[in-house]
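Fold and geometry: a report
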Amino acid sequence: MSNVPVAVVTGSNKGIGFAIVRALCKQFPGDVYLTARDPGRGQEAVAKLQEEGLHALFHQLDIDDLQSIRALRDFLKEKYGGLNVLVNNAGIAFKVHDTTPFAVQAEVTLKTNFFGTRNVCTELLPLVKPHGRVVNVSSMVSSSALAGCSQELQKKFRSDTITEDELVELMTKFVEDTKKSVHEKEGWPNTAYGVSKIGVTVLSRIQARMLNEKRKGDHILLNACCPGWVRTDMAGPKATKSPDEGAETPVYLALLPSDADGPHGQFLSNKTVQTW
Ligand code: NAP
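Reading the values: the criteria
- Residues numbered from 1 in each chain as written.
- Predicted model: local features only at pLDDT ≥ 70, side-chain atom pairs only at ≥ 80, totals over all residues.
- Heavy atoms only, no water.
- UniProt positions renumbered as here; feature names shortened; annotations may be inferred.
- Pairing = 2+ DSSP bridges.
- Helix = DSSP H or I, 4+ residues; strand = E, 2+ residues; numbered from the N terminus.
- Axes fitted to C-alpha atoms, helices over the stretch in contact; angles between N-to-C directions.
- Buried < 20%, exposed > 50% of the residue type's maximum accessible area, 1.4 Å probe, protein only.
- Near = heavy atom within 4 Å.
- Polar contact = N/O pair within 3.5 Å; in protein donor to acceptor, adjacent residues only side chain to side chain.
- Areas by Shrake-Rupley, 256 points an atom, 1.4 Å probe, with all protein chains shown as cover.
- Nonpolar A, V, L, I, M, F, W, Y, C, P; charged D, E, K, R; others polar.
- Core = buried A, V, L, I, M, F, W, Y, C linked by side-chain atoms within 4.5 Å.
- Contact = heavy atoms within 4.5 Å.
- Expected span 1.5 Å × (residues − 1).
- Parallel < 35°, antiparallel > 145°, perpendicular 65-115°, else oblique.
- Left-handed = near helix turned anticlockwise from the far one by under 90°.
- Salt bridge = Lys/Arg side-chain N within 4 Å of Asp/Glu carboxyl O.

Going by what an unreviewed UniProt entry lists, the protein chain is known as carbonyl reductase (NADPH) and is assigned to Sagittarius serpentarius. Listed in UniProt under the heading Subcellular location (unreviewed entry), the comment for the protein chain reads: "Cytoplasm". Its UniProt record, at the heading Sequence similarities (unreviewed entry), says of the protein chain: "Belongs to the short-chain dehydrogenases/reductases (SDR) family."

**Re the sheet that holds strand β8 (residues 272-274)**
Spatially, 8 strands are ordered β3-β2-β1-β4-β5-β6-β7-β8 in an open sheet, and the strand pairing comes out mixed. Each edge of the sheet is formed by a strand with only one pairing partner; in this case those strands are β3 (57-60) and β8. On average, each strand axis in the sheet is tilted by 30° relative to the strand beside it, whichever way the strands run. When strand β5 (residues 128-137) meets strand β6 (residues 221-226), the two strands line up parallel, connected through 5 bridges.

**Notes on the pairing of strand β4 (residues 83-88)**
Consecutive residues of a regular strand have side chains that alternate between opposite faces of the sheet. Burial runs high along β4: 6 of the 6 residues are buried. Pairing of strand β1 (residues 6-9) with β4, which is carried by 3 bridges, proceeds in the parallel orientation. In the sheet register, Val-9 faces β4, and the bridge partner there is Val-87. Relative to β5, β4 runs parallel, the two sharing 5 bridges. Looking at the pairing, Val-85 lines up with Arg-133 of β5.

**Topic: the site of the ligand**
The local shell around the ligand holds 29 residues, among which Arg-37, Asn-89, Tyr-193, Val-230 and Thr-232 are the closest. In the model, an oxygen atom of the ligand is placed 2.6 Å from a nitrogen or oxygen of the Tyr-193 side chain. Lys-197 has a polar side-chain atom sitting 2.9 Å from an oxygen atom of the ligand. Burial of the ligand by the protein chains amounts to 94% of its free accessible area of 900 Å². Broken down by secondary-structure element, the contributors of at least two residues to the shell around the ligand are α1 (15-27) and α8 (192-214). The residue inventory of the shell around the ligand, partitioned by class, reads 12 nonpolar, 10 polar and 7 charged.

**Focus: the nonpolar core**
Residues Ile-20, Val-21, Leu-24, Leu-34, Leu-49 and Val-87 are the most contacted members of the largest nonpolar core, which totals 34 residues. Broken down by secondary-structure element, the contributors of at least two residues to this core are β1, α1, β2 (31-36), α2 (39-51), β4, β5, β6 and α10 (248-254). The leading source of residues in this core is α1, at 8 residues. With sequence-adjacent residues up to four places away left out, Val-21 is seen in contact with Val-9, Ser-12, Val-32, Tyr-33, Leu-34, Leu-49 and Ala-56. Among the nonpolar cores identified, the runner-up in size contains 23 residues, and Phe-114, Leu-153, Leu-167 and Phe-174 belong to it.

**Brief notes about α8**
Compared with an ideal rise of 1.5 Å per residue, which puts 23 residues at 33 Å, α8 spans 32 Å between its outermost C-alpha atoms and is within 8% of the ideal. With 17 of its 23 residues buried, α8 lies for the most part within the structure. Sitting at the head of α8, Thr-191 places a side-chain oxygen 2.7 Å from the backbone nitrogen of Gly-194.

**Examining the packing of helix α3 (residues 66-80) against helix α4 (residues 102-124)**
At a minimum axis separation of 10 Å, α3 and α4 run at an interaxial angle of 30°. Considered as vectors, α3 and α4 are oriented roughly parallel to each other. Both α3 and α4 take part in a crossing whose hand is right-handed. Here Leu-66, Ile-69, Arg-70, Leu-72, Arg-73 and Leu-76 of α3 come into contact with α4, specifically with Gly-116, Asn-119, Val-120, Glu-123 and Leu-124. Among the residues forming the contact of α3 with α4, the class breakdown is 6 nonpolar, 2 polar and 3 charged.

**Notes on the pattern of salt bridges**
A full pass over the atoms with the stated rule returns 15 salt bridges. Across the pair Glu-186 and Lys-185 runs a salt bridge, and its minimum N-O distance is 3.9 Å. Among the residues examined, Lys-185 registers a relative accessible area of 68% and is labelled exposed. Notably, a salt bridge pairs Asp-218 with Arg-215, separated by 2.7 Å at the nearest N-O pair. Linked through salt bridges whose partners overlap, the residues forming this network are Arg-70, Arg-73, Asp-74 and Glu-123.

**So, the side chain of Asn-136**
Its place among the elements puts Asn-136 in strand β5. By relative accessible area, which is 0% here, Asn-136 ends up buried. Engagement of the side chain of Asn-136 in a polar contact is seen with the side chain of Asn-88, the distance being 2.8 Å. In this view, Asn-136 contacts Asn-88, Cys-121, Val-200, Ser-204, Gln-207, Leu-222, Asn-223, Ala-224 and Cys-225; residues no more than four positions away in its chain are not counted.

In structure tokens:
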């Protein structure tokens, strides 16, 4: 088993994830895994970094596929005895003008952004080694979507005692409510992406609390963040930040020094803790 530190970035064959891997290749003292659901696209991305003189390793990972997540888990356990840095970056968004019915958009978006990210965490968080760092890439849209929720929902999402089961129940209810076309009446905002990212931010707050309760002595720091508005296939060419600039906050959180005691359980933008 290797003692080399290891970092894993989900959805990193392009966009912000690719830029995070590029930065980690330069700054992280260990093995960096670029992961992708499609091995061809993943290997191509690794080769692109190679041309820049950077050495990333590849492992397949589709966060929608539990088998794929577990295969990565078993690989990390066997080869490294765990992992040191996990960046949950993979995500999807329907384009604004997409005509796919809203209920379908809700189901598909929540499946990857919330349930997929949660499944990765369920399988990989127990493997994170002492002084490990976990970064969940959310979005400022989670804050604006929160503001668009009913007072009752806002209270639940800001609660310091909400459990992961309760959060899963709420995210499932959103999808069900869209199918019955009652989501607005039930206090939800009209954004599937926004609700999925509320899920990611609240999940991060819950996971940090669980780490405090169960693994306090391990000094693991876990946070959610927004990369900013970044020029990628998701956000388009008019966005203000380059992918490398978008990677800055996630990379800052992934590389928090081993003696740091925070931030932890926070939502950050531009390396700054935001009020939730
Ligand atoms: P992007 O260019 O569309 O890249 C998304 C990445 O996620 C791709 O590598 C994609 O792989 C991967 N992915 C999607 N579904 C996956 C799955 N089921 N399993 C594994 N990988 C999957 O988007 P981006 O702008 O870089 O976004 C990265 C993250 O930042 C997302 O979580 C996004 O919500 C968040 N974010 C972006 C912005 C922005 O302005 N761009 C702002 C706020 C937050 P494929 O190539 O196979 O599709």
